[in-house]
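Observations on the three-dimensional arrangement
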Amino acid sequence: MQSRTRFIALGLACVALAACSHKDKNAPLAFVPADTPYVAANLDVLDDDTRQALLAQADLQLPSQVAQMEAFATREQANDPDAARLVRAFTAELKGKTIEAFAQANGFDLKGRFALYGEGMAPVLRFELTDPKAFEGFVGRLETAYGKRLDTATIGTQSYRRQLFPASGTELVLAVVGKQMVAAILPVDAATPLLRQTLGLDRPAKSLQDDGRLAALAKDKGYAKWLVGQLDLTRALPLVISGSDPLVAAIEHAHAGAESAKTGEPVANLLKTSPSCAPEASRIAARVPSISFGYTRLDAKHQDGRFDVALADDIAKAFSGLKVELPGLGGGSAAPFDLSLALPVVALRTFWSAQADAVAAKPFTCPMLVDLNDGFAKLGEAMPKAALPPFGNLLGLRLALDSLSADKTSSLPDFSGRVVLGTSDPSGLLATGQMMVPALAKLKPGAGGAPVALPKDMATMLGQPAWLATGDKALALGIGVGEDAKLAATLHDPAGGAGQMLRMHLSGAMYLDWLKFMEMKSDSLAAAAAEMSKSDEPTINGDTTPADEAAQAAADAARSKAQFTAMEAQAQRVDSIDAEAHVDDSGLVITSHTTLK
């Protein structure tokens, strides 16, 4: 019996070792501590076709990003010429290239793995390289443009660059370790153990790769392996609020030193904290333990994602079974732009009253959190007022736009569509409106959702015909020719399902129309601002010349133009964008679905 048990144990051990052998001991996740408070990484790499499709999309956006960086450099030229030179050098590396060409020239591996994570709260980025020497050359060119080289240091046999930021008590650490770039923001003169683990000279006792937490999260939420992220607030918030994290402590000490220099208050007094801070931070984090995200589908025609907010059991239960009777929240006909938002005031008032009572019963004592006591007290006082009709009867809001176009003679666009106000008392809401707007006093809603034309005076104000219709749980307003024919169906669209909070649809054509409207308004505002800035008066500091202002205006205009051009080119590829949000037993779930042409 004993020999059989030993044989089984040996077999299981061999299986475990075989499984471990498939893990790359130098993968970025192998360096991430299992207890990291935050992480975003890829568990696998994209296939070639999807990668090329995404790179093509990124290339469309690149000119606007370059224009924005050039505008920033122009703004900074007078105040920080070194930083301006550095930004210009970086844009020079990008200009005229595709993302793929830039990566190949500078050693970045677009088929590689990466991880952004926290050593405590200190951010660390690991990115695999194809050519470490090419990357070193890239950094050297940026140093030359900056006008000075970063400090260099070594720890053991590993060299690294560092740049101090005394005002914040932090430093940038940049190194090439094997075939990986490592960049981190650490406390100034970071402790040796922290520096060694950041660079990967020492490994964490247990890594996220060993732990498998990220892979388990991806499986549980349906995230694809190309990007998975998590913020663990039960770990992060106590580190930040208590000041026990080295990076947070360094930043607080630097700020306290600056404040002491101004006020004379001793630094020790400014850094005083309370032993209650860590447990009270944990108390808050227990209400929203974590936030996670990831792609659920990613290919040449689809970009779908999911965002999860874990909630305490009582919060989830308060909303997961709630059915909001807002027409359209549950689906039905969708306009080119269609947004339905649940606003169940009765349920929200009950929930927030309970939260205010809980804080009143057990106030916060941590100095960083005591302001919450006053905030929740005011919230509690406001909740009874929220019960008053018509606001207290609201269920939600729906906005459905069928057309949108720019009007050069008005600050508002021309549009047609419908507005739906969900309410448990449509007659009461209409009566309130009639009291506030005398022109509506004689308006009598039709039976069964039949539309009634608004008075001529109101239609004139809107600049087009408008109608009102009432349903069992909503009032609907139609604005524009032909919208009256859609009101009855709109009022009978499906209401929200259990826990449903939001639904949104945007067609590619409407997205493009919106961008064109925003571009026209941006041009108008830029022209007005340029006209207002013309002055013969000298500037306050005397450093800015008319030539400087003209250069900045030109750079801003180029940035704006490039940004809209890139956004419109991207919009041309979009067939539709959809989003939905609901609360289930675990928390809030937000999904998005982008379909490309």
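Reference entry: report on the structure contained in this document. Computed from a predicted model, the values in this text were never measured in an experiment.

1. As for the overall build of the protein chain
Counting its regular elements, the protein chain contains 20 helices and 19 strands. Expressed as a percentage of its 597 residues, the buried residues of the protein chain come to 41%. Only carbon and sulfur atoms are counted for the fraction: they give 61% of the accessible area of the protein chain, which is about 31,000 Å². Averaging the coordinates of the 57 positive side-chain charges in the protein chain and doing the same for the 68 negative ones gives two points 5 Å apart.

2. Let's talk about the pairing of strand 10 (residues 302-310)
The pairing of strand 9 (residues 290-298) with strand 10 spans seven bridges and is antiparallel. Counterpart to isoleucine 291 in the pairing with strand 10 is valine 309. Where strand 9 hands over to strand 10, the hairpin turn is made up of three residues, counted between the paired strands. Here nine bridges tie strand 10 to strand 19 (residues 587-596), and the two strands are oriented antiparallel to one another. Paired with histidine 302 across the bridge in strand 19 is threonine 595.

3. Some thoughts on the pattern of salt bridges
Considering all chains together, one arrives at 28 salt bridges under this definition. Between lysine 95 and glutamate 70 there is a salt bridge, with its nearest N and O atoms 2.7 Å apart. Taken together, the residues lysine 95 in the loop between helix 3 (81-94) and helix 4 (99-106) and glutamate 70 in helix 2 (residues 48-76) connect sequence positions 25 residues apart. Across the salt bridge formed by arginine 162 and aspartate 189, the nearest N and O atoms sit 3.2 Å from each other. Taken together, the positions of arginine 162 in strand 5 (residues 158-165) and aspartate 189 in the loop between strand 7 (180-187) and helix 6 (192-199) put the pair 27 residues apart, joining distant regions of the chain.

4. Here's the deal with the side chain of glutamate 280
Along the chain, glutamate 280 falls in helix 12 (residues 277-285). Buried and unpaired, glutamate 280 has no salt bridge, with arginine 283 as the nearest side chain of opposite charge at 5.1 Å. When neighbours within four sequence positions are excluded, glutamate 280 is seen to be in contact with Pro363, Phe364, Thr365, Cys366 and Leu369.

5. Structural notes on the environment of aspartate 202
Structurally, aspartate 202 is set in the loop between helix 6 and helix 7 (208-211). C-alpha separation for the pair aspartate 202 and phenylalanine 31, spaced 171 residues apart in sequence, amounts to 8.7 Å. Those residues in contact with aspartate 202 that sit more than four places away from it in its chain are Arg196 and Gln197. Only 2.8 Å separates the side chain of aspartate 202 from the side chain of arginine 196, close enough to count as a polar contact.

6. Looking at the layout of surface pockets
Left-over empty space is what a probe sized like a water molecule reveals as it rolls over the atoms. Of the voids in this model, the largest pocket is the one considered here, and its volume is about 860 Å³. Listing elements by their share of the lining of the largest pocket, those giving two or more residues are helix 2, helix 4 and strand 9. Of all the elements, helix 2 adds the most residues to the lining of the largest pocket, at nine residues. Partitioned by chemical class, the residues of the lining of the largest pocket number 19 nonpolar, six polar and four charged.

7. Digging into the nonpolar core
Across soluble globular proteins, you tend to see nonpolar side chains buried next to one another. Counting residues in hydrophobic clusters, the biggest one holds 29 residues, and the most contacted among them are Leu186 and Leu214. When residues of this core are traced back to their parent elements, those giving at least two are strand 1 (38-41), strand 2 (114-119), strand 3 (122-128), strand 6 (170-177), strand 7, helix 6 and helix 8 (213-221). Other than its neighbours up to four places away in sequence, leucine 214 contacts Leu29, Val39, Ala41, Leu43, Leu208 and Val228. Core analysis: the next-biggest nonpolar cluster, separate from the first, contains 21 residues, Ala312, Ala347, Leu395 and Ala469 among them.

8. What about a nonpolar patch on the surface?
Taken together, Leu341, Leu343, Leu397 and Leu421 make up a surface patch of nonpolar side chains, about 260 Å² in accessible area. Within the fold, leucine 341 resides in strand 11 (residues 337-342).

9. Some points on helix 5 (residues 132-146)
Over its 15 residues, helix 5 runs 21 Å from end to end, which matches the ideal 21 Å to within 8%, given 1.5 Å per residue. Considering only its buried residues, helix 5 is in contact with helix 3, helix 4, strand 5, strand 6 and strand 7. The opening residue of helix 5, the one whose side-chain oxygen lies 3.1 Å from the backbone nitrogen of lysine 133, is aspartate 131. Glycine 147 sits one or two residues past helix 5 and shows a positive phi near 100 degrees.

10. A few points about the packing of aromatic side chains
Scanning the model with the defined rule gives eleven aromatic pairs in all. Plain terms: the ring middles of phenylalanine 90 and phenylalanine 138 are 6.2 Å apart, the flat faces sit at 55 degrees to each other, and that makes the pair tilted. In this pair, phenylalanine 90 is assigned in helix 3 and phenylalanine 138 in helix 5, connecting sequence segments 48 residues apart. Given the relative accessible area of 28%, phenylalanine 90 is considered partly exposed. Each ring, one from phenylalanine 319 and one from phenylalanine 351, has its centre 5.4 Å from the other, and the planes form 65 degrees; the classification is edge-to-face. With phenylalanine 319 in helix 13 (residues 313-320) and phenylalanine 351 in helix 14 (residues 345-361), this residue pair connects regions lying 32 residues apart in the sequence. For the pair phenylalanine 319 and phenylalanine 351, one class covers both residues: buried. The rings of Phe90, Phe102, Phe108, Phe127, Phe135 and Phe138 are connected pair by pair, giving a single aromatic cluster. In this arrangement the basic side chain of arginine 126 is found over the ring face of phenylalanine 31, its NZ or CZ atom lying 3.8 Å from the centre. Taking the ring centre of phenylalanine 364 as reference, the NZ or CZ of arginine 283 above it sits at 4.3 Å.

11. Topic: the packing of helix 13 against helix 14
Interhelical geometry of helix 13 versus helix 14 gives an angle of 165 degrees and a closest axis separation of 10 Å. Overall, the two elements helix 13 and helix 14 adopt an arrangement that is roughly antiparallel. Two packed elements cross with a definite hand, and for helix 13 against helix 14 that hand is right-handed. Residues Asp314, Ile315, Ala318 and Phe319 of helix 13 lie in contact with helix 14, whose contacting residues are Ala347, Leu348, Phe351 and Gln355. In terms of residue class, the contact of helix 13 with helix 14 is built from six nonpolar, one polar and one charged.

12. A few points about the pairing of strand 1
The alternating pattern of strand 1 places Tyr38 and Ala40 on one face and Val39 and Ala41 on the opposite face, and all of these are buried. Note that strand 1 and strand 8 (residues 228-232) share four bridges and pair antiparallel. Counted as the bridge partner of valine 39 is glutamine 230 from strand 8. Both strand 1 and strand 2 contribute to a ladder of three bridges, which runs antiparallel. The partner of alanine 40 across the bridge, within strand 2, is leucine 116.

About the criteria used
- Every chain begins its residue count from 1, and numbering advances along the sequence as written.
- A pLDDT threshold of at least 70 governs which residues receive local features in this predicted model, and a stricter bar of 80 or more applies before side-chain atom pairs are shown or counted, although totals over entire chains, interfaces and linings include all residues.
- Derived side-chain values reflect all non-hydrogen atoms in the structure, with water molecules and hydrogen atoms excluded from consideration.
- Only DSSP runs of H or I with at least four residues qualify as helices, and only runs of E with at least two residues qualify as strands; both kinds are numbered from the N terminus onward.
- Burial here depends on accessible area, computed with a 1.4 Å probe over protein chains only, as a share of the maximum for the residue type. Under 20% is buried, over 50% is exposed, and the range in between is partly exposed.
- Using a 1.4 Å probe, accessible areas were evaluated by the Shrake-Rupley method; residue-level cover was limited to the displayed protein chains.
- Charged residues are defined narrowly, with Lys and Arg counted positive, Asp and Glu counted negative, and His plus the chain ends left uncounted.
- A charge is said to be at NZ when it belongs to Lys, at CZ for Arg, at CG for Asp and at CD for Glu.
- In this description, strands pair whenever DSSP reports at least two bridges between them.
- A pairing counts as a salt bridge when a side-chain nitrogen of Lys or Arg comes within 4 Å of a carboxyl oxygen of Asp or Glu.
- Contact definition: two residues touch when any of their heavy atoms are within 4.5 Å.
- Under the rule applied, a polar contact is a pair of N or O atoms within 3.5 Å (in protein, one hydrogen donor and one hydrogen acceptor; residues adjacent in sequence only if both atoms are side-chain atoms).
- A cavity here means a set of points on a 1 Å grid, drawn over the protein atoms and nothing else, where a 1.4 Å probe fits but cannot get out; a pocket is an open set with protein on both sides within 12 Å along at least five of seven lines, and a residue lines either one if it has an atom within 4 Å of a point.
- Grid points are joined across faces, edges and corners, and a volume is the space filled by probe spheres set on the points.
- Think of it as three bins: nonpolar holds Ala, Val, Leu, Ile, Met, Phe, Trp, Tyr, Cys and Pro, charged holds Asp, Glu, Lys and Arg, and polar takes everything else, Gly as well.
- To qualify as a nonpolar core, a set must consist of buried Ala, Val, Leu, Ile, Met, Phe, Trp, Tyr and Cys residues joined through side-chain atoms within 4.5 Å.
- Residues enter a patch when their relative accessible area is above 30% and they make no salt bridge; the linking distance is 9 Å between like charges and 5 Å between nonpolar side chains (Val, Leu, Ile, Met, Phe, Trp, Tyr).
- What a helix should span is 1.5 Å times the count of its residues minus one.
- A pair of aromatic rings is counted whenever rings of Phe, Tyr or Trp (Trp by its six-membered ring) have centres within 6.5 Å, and the orientation is called stacked for planes under 30 degrees apart, edge-to-face for over 60 and tilted otherwise.
- The criterion for a charge sitting over a ring is simple: Lys NZ or Arg CZ within 6 Å of the ring centre, and within 35 degrees of the ring normal.
- For helices, the fitted axis covers only the stretch in contact; all axes are lines through C-alpha atoms, and the angles between them, taken along N-to-C directions, range from 0 to 180 degrees.
- Between 65 and 115 degrees an angle is taken as roughly perpendicular, under 35 as roughly parallel, over 145 as roughly antiparallel, and anywhere else as oblique.
- Less than a right angle of anticlockwise turn of the near helix away from the far helix marks a crossing as left-handed, whereas a clockwise turn marks it as right-handed.

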